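# Topology and contacts: notes
Each chain is listed here by its residues.
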Amino acid sequence: MYAWIEELGTSSEAFSLFQSIFANTSDAILVIDKDGLIVTANAAVEKMTGWSKEELIGHRHICEVCVGMATCKEDTTCSDCFFKQVQIPSFEMRLRTKDGRQYPVAASSSQLPQGSTAKLVLILRDMSAQQQAEKERYQHKLTHYVIQAQEEERKRISRELHDGVGQALYSILVGLNVIGQSRINAQLKQHVAEIQQMAAKAMEEVKRMALELRPSALDDLGLLPAIRSLIKRVEQSFGIQVALDVRGDRRRYGPAIETALYRIVQEAMTNAAKYAQTDRLCIVFEDKGGEIVLTIVDDGIGFDPKQVETNGTGLGLFGMKERAQLLGGSVDIRSAEGEGTSIFVRIPLGKGDVEDDHSRPDR
Ligand SMILES: Nc1ncnc2c1ncn2[C@@H]1O[C@H](COP(=O)(O)OP(=O)(O)OP(=O)(O)O)[C@@H](O)[C@H]1O
Ligand SMILES: [Mg+2]
């Protein structure tokens, strides 16, 4: 191909070939004179900047189109400007459009032979879509990391509360029991009994906190037993009735799936108990083989999900969506004022997501 172009030499065929490449390439090509004035631009420049060729050629200085070169430390800088260099094979710069927008472009520049009015040729490629994709990938990774770290930390604190503070309180209770049964006067006995009550209350509280942070049932017994005991706690604490309907296979899933679904149910139930002003809640859990479909419905006062999204009031609904998306699934929230709230969760199940061991006590 290259030899063929060379063979064409300076013929008119070669000229029209290069003209066609110049006109049709999706990369923007700008030619700049020694004063920085744009002297040639192809159609892609018009598309990328919003300026017409007539407005650009002979009228615009390169600095009106270029905001600056990007470095790893700065968004844009004009030090070491490409215009002063002989050749830079690749760099990143920010382009300014006619309507004042800015976006990143991958660029390369090279000086033209001396003698001609043109000094430098600049080739630009729009990188905004790639950069956006890269940003989303990074945010995805970061969210995954934060959720994982948060779960690990909850597990650690829960264990320490249960095994450390919980055990210490238990020992205190046993000790107080011994003192209470020894030969002491009635007044002191009464005092010991009061402290015993306080210690028992503190122990209950520690147990509750440990459970809320990370129930050991989730790791030991699996998702459904953990959800069942969560339901019991919510029913007791908030005085609401929760109906759980389990359909399809009953099996254990990978820890990431079990944790995500548990947290989603926990958040949905807490929200319903806090805001819905209802005393009934229904959960349907269905293992469809290739995916898990979970629905949490309340018949309460409802809300406007769009408004909540724009106001950014809480993190709960956002967290539910993030957790599902990290597993390739989705959360769909349907609600309207006066019409209750339904939350639909879908989590796909791959080969490694389901544990084969049916003997595990997960029912
Ligand atoms: N089941 C529901 N019924 C009525 N309103 C709800 C329900 N679920 C959520 N909302 C409304 O949506 C808002 C946002 O919920 P979200 O869980 O995101 O945040 P939050 O509960 O306010 O705070 P956080 O969950 O971060 O502690 C709530 O403040 C509430 O107004
Ligand atoms: Mg919430």
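Computed from a prediction, not measured in an experiment: that's the story for all the values here.

### Quick notes on the overall build of the chain
For the chain, the count of helices and strands is 12 helices and 11 strands. Against the 2.2 N^0.38 benchmark of 21 Å for 363 residues, the chain shows a C-alpha radius of gyration of 33 Å, more extended than a compact globule. Projected onto its principal axes, the C-alpha coordinates of the chain cover approximately 115 × 45 × 45 Å. Within the chain, the proportion of its 363 residues that are buried is 36%. In the chain, the share of contacts with a sequence separation of at least 24, taken over all contacts with a separation of at least 6, comes to 57%.

### Some remarks on the coordination of the magnesium ion (ligand 2)
Around the magnesium ion (ligand 2), the protein supplies Glu267 (OE) and Asn271 (OD1) as donor atoms, at distances of 2.0 to 2.3 Å. With glutamate 267 and asparagine 271 both in helix H10 (residues 255–275), this residue pair falls four residues apart, about one helical turn. On the basis of relative accessible area, asparagine 271 is assigned to the buried category, the value being 17%.

### Let's talk about the environment of isoleucine 264
Position of isoleucine 264 relative to the elements: it lies in helix H10. Between the C-alpha atom of isoleucine 264 and that of glutamine 307, which follows or precedes it by 43 residues, the distance is 21 Å.

### Re the site of ligand 1
Residues in close proximity to ligand 1 total 15 residues, the closest being Glu267, Asn271, Tyr275, Leu315 and Leu317. For ligand 1, whose accessible area on its own is 600 Å², the fraction buried by protein is 78%. Those elements that place two or more of their residues in the shell around ligand 1 are H10 and helix H12 (316–326). Element by element, the count of residues in the shell around ligand 1 is highest for H10, at five residues. Residue classes in the shell around ligand 1 are distributed as seven nonpolar, five polar and three charged.

### As for the domain arrangement of the chain
Per the domain assignment, the segments of the chain are domain 1 (2–126), domain 2 (128–214) and domain 3 (217–363). Each of domain 2 and domain 3 has a C-alpha centre, and these two points are 24 Å apart. Tallying the contact residues gives 12 residues for domain 2 and 10 residues for domain 3. Considering only the side of domain 2, the residues that lose the most area to domain 3 are His140, Ile147 and Arg214, jointly responsible for 44% of the buried surface there. Where domain 2 meets domain 3, there are three salt bridges. Note that arginine 323 is salt-bridged to glutamate 151, the shortest N-O span being 3.3 Å. Inspection of the region where domain 2 meets domain 3 yields six residue pairs in polar contact (both at pLDDT 80 or more). Counting residues per element, the ones that place at least two in the side of domain 2 that touches domain 3 are helix H6 (128–181) and helix H7 (186–213).

### Digging into the pattern of salt bridges
If you walk through the whole model with that rule in mind, you get 22 salt bridges. Residues glutamate 212 and arginine 208 are paired through a salt bridge, measuring 3.0 Å at the closest nitrogen-oxygen approach. You can see glutamate 212 and its partner arginine 208 sitting in helix H7, four residues apart, about one turn around the helix. For the salt bridge of aspartate 287 with arginine 251, the shortest nitrogen-to-oxygen distance reads 2.7 Å. Taken together, the residues aspartate 287 in strand E8 (residues 280–287) and arginine 251 in the loop between strand E7 (241–248) and H10 connect sequence positions 36 residues apart. Each of Glu151, Arg154, Arg214, Asp219, Arg263 and Arg323 takes part in a single network of salt bridges with overlapping partners.

### Examining the sheet that holds E7
The strand order E7-E8-E9-E11-E10 describes an open sheet built from five strands, whose pairing is mixed. The open sheet has two free edges, formed respectively by E7 and strand E10 (330–335), since each of these has just one partner strand. Each adjacent strand pair in this sheet contributes to an overall mean axis angle of 10 degrees, direction not counted. In terms of strand pairing, E7 meets E8 through eight bridges, oriented parallel. Among the inter-strand pairings, leucine 244 is bridged to a residue of E8, identified as isoleucine 283. The strands touched by H12 within the sheet are E10 and strand E11 (341–348), with E10 carrying the most contacts at an inclination of about 145 degrees.

What counts and what doesn't
- Residues numbered from 1 in each chain as written.
- Chains lettered and ligands numbered in written order.
- Predicted model: local features only at pLDDT ≥ 70, side-chain atom pairs only at ≥ 80, totals over all residues.
- Heavy atoms only, no water.
- Helix = DSSP H or I, 4+ residues; strand = E, 2+ residues; numbered from the N terminus.
- Rg over C-alpha atoms; globule rule 2.2 N^0.38 Å.
- Buried < 20%, exposed > 50% of the residue type's maximum accessible area, 1.4 Å probe, protein only.
- Contact = heavy atoms within 4.5 Å.
- Donors = N, O, S within 2.8 Å, 3.2 Å for Na, K, Ca; no water.
- Near = heavy atom within 4 Å.
- Areas by Shrake-Rupley, 256 points an atom, 1.4 Å probe, with all protein chains shown as cover.
- Nonpolar A, V, L, I, M, F, W, Y, C, P; charged D, E, K, R; others polar.
- Domains from an automatic or database assignment.
- Buried area = accessible area lost by both parts, 1.4 Å probe.
- Salt bridge = Lys/Arg side-chain N within 4 Å of Asp/Glu carboxyl O.
- Polar contact = N/O pair within 3.5 Å; in protein donor to acceptor, adjacent residues only side chain to side chain.
- Pairing = 2+ DSSP bridges.
- Axes fitted to C-alpha atoms, helices over the stretch in contact; angles between N-to-C directions.

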